[in-house]
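Residue-level structural notes
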Amino acid sequence: MNITVKLFATFRNGRFKMDHQDWPEGVDCRRIVASLGLTEEEIGIVLINGRHVPLDQVLGHGDTLSLFPLVGGG
């Protein structure tokens, strides 16, 4: 199934801004995050089709997964 993956902020460094990827049925956000070389500790916000979801959320064909890093500041 086809998933659109969008990366934001520092996640784009050395990767991509947006990519269309093929994944098997039943794939969850955690598996895609791991495939990108990201750790769960780096993840700030996970969205599927603009809605906040947990990392264990299963994606469906045509979904858009958006990943945002933790934001620090002071």
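This write-up is about the structure you can find in this document. Values in this document were obtained by computation on a predicted structure and should not be read as measured data.

1. Digging into the sheet that holds strand 5 (residues 64–69)
Spatial ordering of the open sheet is given by 2-1-5-3-4, a layout of five strands whose pairing is mixed. Where the open sheet ends on each side, the last strands, each with one partner, are strand 2 (18–22) and strand 4 (51–52).

2. Some points on the environment of Leu67
Tracing the sequence through the fold places Leu67 in strand 5. Spatially, the C-alpha atoms of Leu67 and Cys29 are 9.4 Å apart, while their sequence positions differ by 38 residues. Here Leu67 is in contact with Lys6, Leu7, Phe8, Phe11, Val33, Leu36, Leu38, Ile45 and Val46, once residues within four sequence places are set aside.

3. A closer look at the packing of aromatic side chains
For the structure shown, the criterion picks out one aromatic pair. Note on Phe8 and Phe68: the rings are 4.1 Å apart at their centroids and 10 degrees apart in plane angle, and the pair reads as stacked. Residue Phe8 is located in the loop between strand 1 (2–7) and strand 2, and its partner Phe68 is located in strand 5; the two are separated by 60 residues in the primary sequence. For Phe8, a relative accessible area of 24% translates into the label partly exposed.

4. So, the pattern of salt bridges
Summed over the entire model, instances satisfying the criterion amount to one salt bridge. Here Glu40 ties to Arg30 by a salt bridge, and the two come within 2.6 Å at their closest N and O atoms. Within this pair, whereas Glu40 is found in the loop between helix 1 (29–35) and strand 3 (43–48), its partner Arg30 is found in helix 1, the two being separated by ten residues in sequence.

What counts, and at which threshold
Residues numbered from 1 in each chain as written. Predicted model: local features only at pLDDT ≥ 70, side-chain atom pairs only at ≥ 80, totals over all residues. Heavy atoms only, no water. Pairing = 2+ DSSP bridges. Helix = DSSP H or I, 4+ residues; strand = E, 2+ residues; numbered from the N terminus. Contact = heavy atoms within 4.5 Å. Phe/Tyr/Trp six-rings, centres within 6.5 Å; stacked < 30°, edge-to-face > 60°. Buried < 20%, exposed > 50% of the residue type's maximum accessible area, 1.4 Å probe, protein only. Salt bridge = Lys/Arg side-chain N within 4 Å of Asp/Glu carboxyl O.

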